[in-house]
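# A look at the structure
Residue-level listing of the chains:
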Amino acid sequence: MMKISMKNGFCRSGVVAVAAAWLLAAGGGMGPEAVRAARKETVKVVERSEKKVPVWVGKMETGYIVTSAVADDLERAKSLCMDQVRSQVIESVAQNVQVSSESTLSQETMTEGITDFVDNFSSTFKTQAATVPFLSGISASKAEDSYWEKRVERGTGRVTWLYAVKYPFPRIELKRLVDAFNTRDAEMVARYDRLREMYDGGGIESVEQIDRAVSELTPLIDYFFDDVRKGDARMLQRNYGALYGQVFLSEVSARPGEYVYRLMLGDRPISCSRKPSLRSETLAQLHAEKRGMEWVVTYDYSTADVAEENAIQLAQRIGSSTVRERIVADLSGTVVEVTPQGEAILQAGVRTDSLVGDVAVRMAVRTNRNDLTVKSITLRLPGVAMPVTIDGGGILGGGEVAVTLPGRYERMYGGAAKGAKGGRMGMLRGTIVVADGEGKVHRVAFSAPAVCNW
């Protein structure tokens, strides 16, 4: 992002521009007499604020903005005239700021950005003015002098009003406005940098932080007038919004009558204050309670058939997305252990510079039973946003889980990416669903360090 500082000197091009604007509106010439002579050819003045045209009308004066506007009624002409004053103030500020050497923007980009702001000012004034606080101090009451005329156009009889203003704009005021602009700009840059650092540094601990970041980026997008910074802010807002869809549920523990889980973003737990909705056809008195970073789901299974599958449909709103999970309640009371031994090994049969595919996963495990059959495995791969579920997996009696992941995955984890060294990855987490010899289904959460061949 950029910093802005003031150039030495006072910009007079705005004075020239507004003086020329008045001459064009009044009919040309360099002074009141010339204006009157030209005006006689086109309009007849039927009413005026002063007996004579003030000497400042149609002239440049150092330290002033002189401008005018013509409209069908006086208030409209006055409003247009003050809009021109504001526009010239913006232009003067734009021509007296420069990009510091630390900025990624060029001076040309900066100037073009503010110039575009000025070019669009007349059609978007109310919206744009809200993003430039120092403009609120500009008002007709601060004008040193003003002049108006009611005119009738010769030939057509159309009535128009001309309003001219002499607005003080000394060098010290320009400096004050440039300083105000710099202060405001630095504040907005600091807000962007803070949000960017939180995103890049993994400092997100709650869904509510994501909500606030998405909301706080909207006024930054509105404020940044150059395409570079506006584009950066829009991209960061999209990145934050994408995090909603990357939150997933991870089981902590399960026993009859209780299921404990936490929400995860990547390999970090994330808090959420929104309660989940719970639904079950066989279990009663469903209730969810937040305890620290975990959610505890309790239920009554006194009327449930233990021999049947008893499931809870869980849905938790996460920003613009919803985490959905089908929880199979283990009512047998039997404790099944599936504990990884050592590292999980991932080997890709297909490897390119950007993708890996045909990934075989092997993981040695220890179990407390020899009659367990794998029904499905859900894996959370380091660096991959969404979980991967594989049906089947064979009998666990051999002490190993071996599956092949379907599809292709971006090469965004492992190897030299994300700080991994020597093919080491982060923690491989997941849930394994097994059936025992009696046909009872059990869900077991696990985690293990992982290595890969890319």
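So, here's what we can say about the structure.

What counts, and where the lines are drawn
Residues numbered from 1 in each chain as written. Predicted model: local features only at pLDDT ≥ 70, side-chain atom pairs only at ≥ 80, totals over all residues. Heavy atoms only, no water. Phe/Tyr/Trp six-rings, centres within 6.5 Å; stacked < 30°, edge-to-face > 60°. Lys NZ or Arg CZ within 6 Å of the ring centre and 35° of its normal. Salt bridge = Lys/Arg side-chain N within 4 Å of Asp/Glu carboxyl O. Helix = DSSP H or I, 4+ residues; strand = E, 2+ residues; numbered from the N terminus. Buried < 20%, exposed > 50% of the residue type's maximum accessible area, 1.4 Å probe, protein only. Axes fitted to C-alpha atoms, helices over the stretch in contact; angles between N-to-C directions. Left-handed = near helix turned anticlockwise from the far one by under 90°. Contact = heavy atoms within 4.5 Å. Nonpolar A, V, L, I, M, F, W, Y, C, P; charged D, E, K, R; others polar. Pairing = 2+ DSSP bridges. Expected span 1.5 Å × (residues − 1). Arc of directions from axis to C-beta.

With that settled, the discussion passes to the packing of aromatic side chains. Enumeration over the complete set of coordinates arrives at 6 aromatic pairs. It is K166 that lies over the ring of Y64; its NZ or CZ is 4.5 Å from the centre.

Moving on to the pattern of salt bridges. Taken as a whole and judged by the stated rule, the model has 20 salt bridges. When the shortest N-O distance is used, the salt bridge between D185 and R229 registers 3.0 Å. Taken together, the positions of D185 in helix 6 (residues 171–200) and R229 in helix 8 (residues 227–243) put the pair 44 residues apart, joining distant regions of the chain. A residue is classified by how much of its surface remains accessible, and R229, at 1% relative accessible area, is buried. A salt bridge links R255 to E258; the shortest N-O distance between them is 3.4 Å. Since its relative accessible area comes to 17%, E258 is described here as buried.

Time to look at the packing of helix 6 against helix 8. Where helix 6 meets helix 8, the axes come as close as 11 Å, and the angle between the chain directions of the two elements is 35°. Between helix 6 and helix 8 lies a crossing of left-handed hand. Across the interface between the two elements, D185, V189, Y192, L195, R196, M198 and Y199 from helix 6 touch R229, D232, A233, L236, N239, Y240 and L243 from helix 8. Taken together, the residues of the contact of helix 6 with helix 8 sort by class into 9 nonpolar, 1 polar and 4 charged.

Strand order across the open sheet formed by 4 strands is 2-5-6-3, with antiparallel pairing between neighbours. One side of each edge strand has no neighbouring strand; the edge strands of this open sheet are strand 2 (43–48) and strand 3 (64–71). Across this sheet, the average inter-strand angle for adjacent strands is 25°, counted without regard to direction. With 8 bridges joining them, strand 5 (residues 145–153) and strand 6 (residues 159–168) adopt antiparallel strand pairing. Opposite R151, over in strand 6, you have T160 as the bridge partner. Sheet strands touched by helix 3 (residues 74–94): strand 3, strand 5 and strand 6. Its angle to strand 3, the strand with the most contacts, is close to 145°.

Right, let's talk about helix 8 for a bit. With 17 residues, helix 8 should reach 24 Å at 1.5 Å per residue; the first-to-last C-alpha distance of 24 Å fits that figure. Within the span of helix 8, buried status applies to R229, K230, A233, L236, Q237, Y240 and L243. Projection of helix 8 onto a plane perpendicular to its axis shows the buried side chains occupying an angular sector of 140°, all on one side. At its buried positions, helix 8 is contacted by helix 6, helix 7 (207–223), strand 7 (247–255) and strand 8 (258–265).

From the geometry alone we can't say anything about function, so treat these as descriptive.
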